Amino acid sequence: MSFLAPPGQLVVDWDGTITVHDSQWMLLERYGDGEVFSAMEGSLGTTRSYREVMELELATIKAPFAEARQFLLDEVELRAGFRELLARYRPLILSGGFVDTIEPILAREGLEAELVANRLDPRPDGWRIHWRDETPCPVCGDLCKRRYLPEGRPLVYVGDGYSDRCAALAADRVFALPRLGEYLDEQGAPWEPFATFDDIAAALS
Ligand SMILES: [Mg+2]
Ligand SMILES: [Zn+2]
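Being a predicted model, the structure only gives us computed values, none of them experimental.

Student: Even after reading the chapter, I still don't get helix H6 (residues 82–89), so can you show me in this structure?
Tutor: Residues separated by three or four positions in an α-helix point in the same direction, a consequence of the helix having 3.6 residues per turn. Phe82, Leu85, Leu86 and Tyr89 are the residues of H6 that are buried. The arc that holds the buried residues of H6, viewed along the axis, is 100°, so those residues lie on one side. Of the surrounding elements, those touching the buried residues of H6 are strand E1 (9–12), helix H1 (14–18), strand E2 (92–98) and helix H10 (197–204). Backbone geometry just after H6 places Arg90 at a positive phi near 45°.

Student: Explanation requested: unusual backbone geometry in the structure shown.
Tutor: Across residues other than glycine, the phi torsion is negative in most instances, and most of the peptide bonds are trans. Backbone torsion omega between Arg153 and Pro154 reads 0°, so that peptide bond is classified as cis. Summarising the element assignment, Pro154 is placed in the loop between strand E4 (126–130) and strand E5 (155–159). With phi around 45°, Arg90 is a residue other than glycine that occupies positive phi space. For Arg90, the position within the fold is in the loop between H6 and E2.

Student: Sorry if this is basic, but what is going on with the coordination of the magnesium ion (ligand 1) here?
Tutor: Working reference: metal with six octahedral donors, ideal angles 90 or 180 degrees; metal with four tetrahedral donors, ideal angle 109.5 degrees. Around the magnesium ion (ligand 1), the donor atoms from the protein are Asp13 (OD), Asp15 (O) and Asp160 (OD), and they sit 2.1 to 2.2 Å away. All donors to the magnesium ion (ligand 1) come from one chain, and their sequence spacing reads D-x1-D-x144-D. Taken together, the residues span a long stretch of sequence, with Asp13 in the loop between E1 and H1 and Asp160 in the loop between E5 and helix H8 (165–169) at a distance of 147 residues. A relative accessible area of 8% places Asp160 in the buried class.

Student: It is not clear to me how the coordination of the zinc ion (ligand 2) should be interpreted in this structure. Could you clarify?
Tutor: Binding of the zinc ion (ligand 2) to the protein goes through Cys137 (SG), Cys140 (SG), Cys144 (SG) and Cys166 (SG), at separations of 2.2 to 2.4 Å. Coordination at the zinc ion (ligand 2) is tetrahedral: its 4 donor atoms span angles of 104 to 114° at the metal. Linear spacing of the donor residues for the zinc ion (ligand 2) on their chain is C-x2-C-x3-C-x21-C. Within this pair, whereas Cys137 is found in the loop between E4 and E5, its partner Cys166 is found in helix H8, the two being separated by 29 residues in sequence. Each member of the pair, Cys137 as well as Cys166, is classed as buried.

Student: Teacher, can you tell me more about the pattern of salt bridges here?
Tutor: If charged atoms from side chains of opposite charge come close, those side chains can pair. Taken as a whole and judged by the stated rule, the model has 12 salt bridges. As a salt-bridge pair, Asp13 and Lys145 come within 2.8 Å of each other at their nearest N and O atoms. Here Asp13, found in the loop between E1 and H1, pairs with Lys145, found in the loop between E4 and E5; they are 132 residues apart in sequence, far enough to count as distant. Taking relative accessible area as the criterion, Asp13 reaches 3% and is therefore assigned buried.

About the criteria used
- Residues numbered from 1 in each chain as written.
- Chains lettered and ligands numbered in written order.
- Predicted model: local features only at pLDDT ≥ 70, side-chain atom pairs only at ≥ 80, totals over all residues.
- Heavy atoms only, no water.
- Buried < 20%, exposed > 50% of the residue type's maximum accessible area, 1.4 Å probe, protein only.
- Helix = DSSP H or I, 4+ residues; strand = E, 2+ residues; numbered from the N terminus.
- Arc of directions from axis to C-beta.
- Contact = heavy atoms within 4.5 Å.
- Donors = N, O, S within 2.8 Å, 3.2 Å for Na, K, Ca; no water.
- Tetrahedral: all angles 85-135°; square planar, octahedral: opposite > 155°, others 65-115°.
- Salt bridge = Lys/Arg side-chain N within 4 Å of Asp/Glu carboxyl O.

Dropping the structure here:
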């Protein structure tokens, strides 16, 4: 029997996890202010909150949304095995990114998935974020993804980066890429590495 037999839940991050490259970083590198971007990433979680960093970074993007959307449609690649994992486990895609930039990629791939993410207000004087919920997480105090984890257990979480930290600590089993794995090691939390979603499907079956 699968580790994820109902009511188990699989939750997967989008940027840098389902996508090979982080699409928010791709947008910032292509359309944003590179100096602000590198300064912000260094201050994330130390001198600035996730919310502040996201808002300051996105405000440096002034490109027309249609152009940015087409850039993502042309450039974003999905990690191998996601289509099969989606068909088998119906994961929740839980992203600190945007419905506006994720849905077009899912549509391009002909995929339908449950998605929880924020929304964009791409103004010409700098993009803004419509946060799905502005109530901070009681554990980390930031606008983190733990707040949206489903109730079912066991909960399996798959992620790569800063925005996955708090949510991953609440999961029963974590599959992580190296950046998140290093943090989990520091916290003494167990995790399993993966390269493709086939690895995860095999580990869960
Ligand atoms: Mg990510
Ligand atoms: Zn949190």
